[in-house]
Structure formats: structure tokens, C-alpha cells
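Coordinate inspection notes
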Amino acid sequence: MPKDSYLVGLIGSGIGPSLSPALHEREADRQRLRLLYRLIDIETLGVRPDAVGDLVRAARDLGFDGLNITHPCKQLVIEHLDALAPQAEALGAVNTVVFEDGRAVGHNTDVTGFAASFARGLPDAPLERVVQLGAGGAGAAVAHAILTLGAERVTLVDALPERAVALADSLNRAFGAGRAAAASPDRRAELLAHADGVVHATPTGMAAHPGLPLPAGLLHPGLWVAEVVYRPLETELLRTARALGCATLDGGGMAAFQAADAFRLFTGREPDAARMLADLTELAGAVGARN
């Protein structure tokens with residue numbers, strides 16, 4: 001039976017600017033719940049990403065109800081969990097951990113979050129040839145989502161080529177041979193010249209990792225550009241793409257919709273996803289106005 005008081009948190013690196021605490025706490029307030037959302041920043045703590053297992057155990061022992069997990073711990077956390085929901089197991093990445101009867105169970109709400117955001121923000125985008133930058137934890141979720149939405153072929157480009165190859169192999173097993181491929185970064189110009197769109201799923205562009213994930217000259221008006229980063233909502237990539245006339249999708253929708261799914265897992269209550277998206281837009285705008 002759902003309670004009326006919850007303690008949750010976020011484990012990741014450089015997460016000080018995260019809007020997750022406000023998103024979850026605002027929705028809880030509207031539902032007359034008490035929810036406290038804490039940031040557990042490994043950078044601030046001075047510990048390595050592989051300390052995530054110790055942090056998860058400590059949170060469970062301290063009475064947390066659950067945790068969100070973000071870069072760079074979404075894959076590292078798996079070996080420290082007692083069970084995985086089917087989607088998290090298929091992805092090999094976890095962004096939400098729920099403590100149930102002393103057990104830590106991993107989930108992934110990034111897939112549904114990105115799919116809902118893309119369907120809402122780029123409903124008519126062509127999906128024959130998609131290039132995705134990044135094959136880490138967020139990249140795995142986004143690639144699954146874009147293929148589920150009907151993409152014919154996704155080509156993965158990652159700074160770690162073996163990671164792109166491993167994800168492509170996993171996607172082909174799940175969706176059918178030929179649906180995914182891996183390519184080295186030196187092929188970006190060739191790939192983007194013939195692509196319908198590009199999905200960006202690396203930390204570049206975040207407040208702690210500013211910059212562009214690719215040379216600006218590789219973008220052209222025939223591309224749509226979808227971003228995973230949501231803080232800031234307008235990354236340098238999106239600003240550059242919009243100036244060229246590209247259709248764009250910011251990371252706010254994915255952040256809000258995955259947060260709504262996580263809220264449901266944490267509390268057992270049904271969130272208002274549209275209301276949480278409005279919250280995120282307001283919060284991100286307020287932060288941008290201060291900076």
C-alpha cells in the first residue's frame with residue numbers, strides 16, 4: 001500500500017544543477033505527499049564511479065525508498081542490484097533503483113521518456129537513416145526508443161568503438177539483423193550527409209561539459225536534431241542546429257517523462273506527466289534567466 005512519505009535521491013557526477021529534486025518534490029506536494037529528494041554527487045564526494053555499489057547499499061541501509069542513477073553510473077550499478085526489470089536487463093543500463101523488501105531492483109525509464117518526448121516534439125520526422133552520437137547508458141535507452149518508434153536503421157558513433165559495436169550487436173538481436181550498425185567518429189561527415197536525423201546522447205553540452213559533440217560544419221538543414229541533455233535546455237548543439245534551419249528537440253521532454261515514470265515507481269502514485277513537463281520548462285527557464 002502506498003505510503004505518504006518518501007526519501008529518494010540521485011547518484012551521478014556533476015549533478016549539482018539537476019532539476020530532478022524540484023520535479024519530484026513539486027509533483028509530490030501537489031499529491032499531498034512528503035518527498036525529500038537528495039543529490040549524491042560522486043564528484044563532490046571525491047569517489048570513483050565504481051563506488052556506486054557502496055552508495056546504493058548505504059542508501060538502502062539509511063532508509064531510502066529509491067534512487068535515480070545518471071552518468072557515469074547507469075551501467076556500473078547493475079552488478080550491485082538484486083534484480084532487474086525486463087527493460088533494464090535488455091538495455092544493460094539502469095536509471096532508477098527501487099528498494100523493495102530490502103532488495104534493490106533496477107529499472108530504466110529513459111526509453112519510455114525519450115519515446116514520449118520524440119513522438120510529441122518531432123511527430124513527422126523521417127526515420128529511415130538515423131545517426132546517434134553516444135552508446136553509453138543513455139545511448140542504449142535512446143537507441144531502443146528510436147528503433148521502437150520505427151527507425152529503419154540507426155548508426156552508432158562513440159569515442160569508444162567497442163562500446164558502439166556491443167550496443168549495435170545487442171540492438172540487432174532485439175530488433176532484427178541490419179537495424180543497427182557501429183561506425184568510427186571519422187565517418188561522421190559521410191554519415192550525416194545522408195542521414196535524416198541525428199540523436200545526441202553524450203554528456204557534451206551539459207553545464208559541467210560545455211561544447212559541441214561534433215564539428216558544426218557537419219550539420220545541414222536537411223537534418224532533424226534530437227538532444228538528450230536538458231540542462232541547459234538550449235545546448236550549443238541545438239542553438240547551432242536551429243540557426244541552420246534544422247528541426248530540433250531539446251532534452252526537456254525526455255527528462256520530464258522519465259521523471260514521471262520514476263515517480264510512479266518510487267511512490268506507486270500516478271503522476272501528471274504534462275504538469276511535470278510544464279514544471280521542467282519553467283524551472284529550466286528560471287535557471288537560464290539567472291545564468
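Residues numbered from 1 in each chain as written. Predicted model: local features only at pLDDT ≥ 70, side-chain atom pairs only at ≥ 80, totals over all residues. Heavy atoms only, no water.

What about the environment of Val 154?
Note the threshold: Helix and strand definitions here come from DSSP, where helices need a minimum of 4 consecutive H or I residues and strands a minimum of 2 consecutive E residues; each element is numbered from the N-terminal end. For this analysis, residues touch if any pair of their heavy atoms sits within 4.5 Å.
On the secondary structure map, Val 154 appears in strand S8 (residues 153-157). Through-space distance from the C-alpha of Val 154 to that of Val 130 is 4.8 Å; in sequence the pair is 24 residues apart. With sequence-adjacent residues up to four places away left out, Val 154 is seen in contact with Val 130, Gln 132, Ile 146, Leu 147, Arg 179, Ala 180 and Ala 181.

Quick word on the UniProt feature "binding site: NADP(+)" (unreviewed entry) in the protein
Selection criterion: UniProt positions are given in the numbering used here, feature names are shortened, and annotations may be inferred rather than shown by experiment. Partly exposed describes any residue whose relative accessible area lies between the buried limit of under 20% and the exposed limit of over 50%, with all areas from a 1.4 Å probe on protein chains only and scaled to the type maximum.
Per the UniProt record, "binding site: NADP(+)" (unreviewed entry) is found at Gly 134, Ala 135, Gly 136, Gly 137, Ala 138, Val 228 and Gly 251. Within the secondary structure layout, Ala 138 lies in helix H6 (residues 137-148). Overall, the relative accessible area of 16% leaves Ala 138 in the buried class. Excluding residues within four positions of it along the chain, Ala 138 makes contact with Lys 74, Ala 201 and Val 228. With respect to the secondary-structure elements, Val 228 resides in the loop between strand S11 (224-227) and helix H9 (236-244). When its relative accessible area of 16% is taken as the criterion, Val 228 is described as buried. Filtering out sequence-adjacent residues up to four positions away, Val 228 remains in contact with Ala 138, Val 142, His 200, Ala 201, Gly 251 and Met 254.

Examining the pairing of strand S2 (residues 34-41)
Looking down a regular strand, the side chains alternate between one sheet face and the other. Short version of the rule: Strand pairing is assigned whenever DSSP detects at least two bridges linking the two strands. With its strands directed away from the observer, a crossover is right-handed exactly when the path from the first strand over the helix to the second travels clockwise.
Note that strand S1 (residues 5-12) and S2 share eight bridges and pair parallel. Within the sheet, the bridge partner assigned to Ser 5 lies in S2 and is Arg 34. Handedness of the crossover joining S1 and S2 through helix H1 (residues 20-30) is recorded here as right-handed.

Quick look at the pairing of S1
With respect to burial, S1 is a largely interior element, six of its eight residues being buried. Both S1 and strand S3 (residues 66-69) contribute to a ladder of four bridges, which runs parallel. Across the sheet, residue Ile 11 finds its bridge partner in S3, namely Ile 69.

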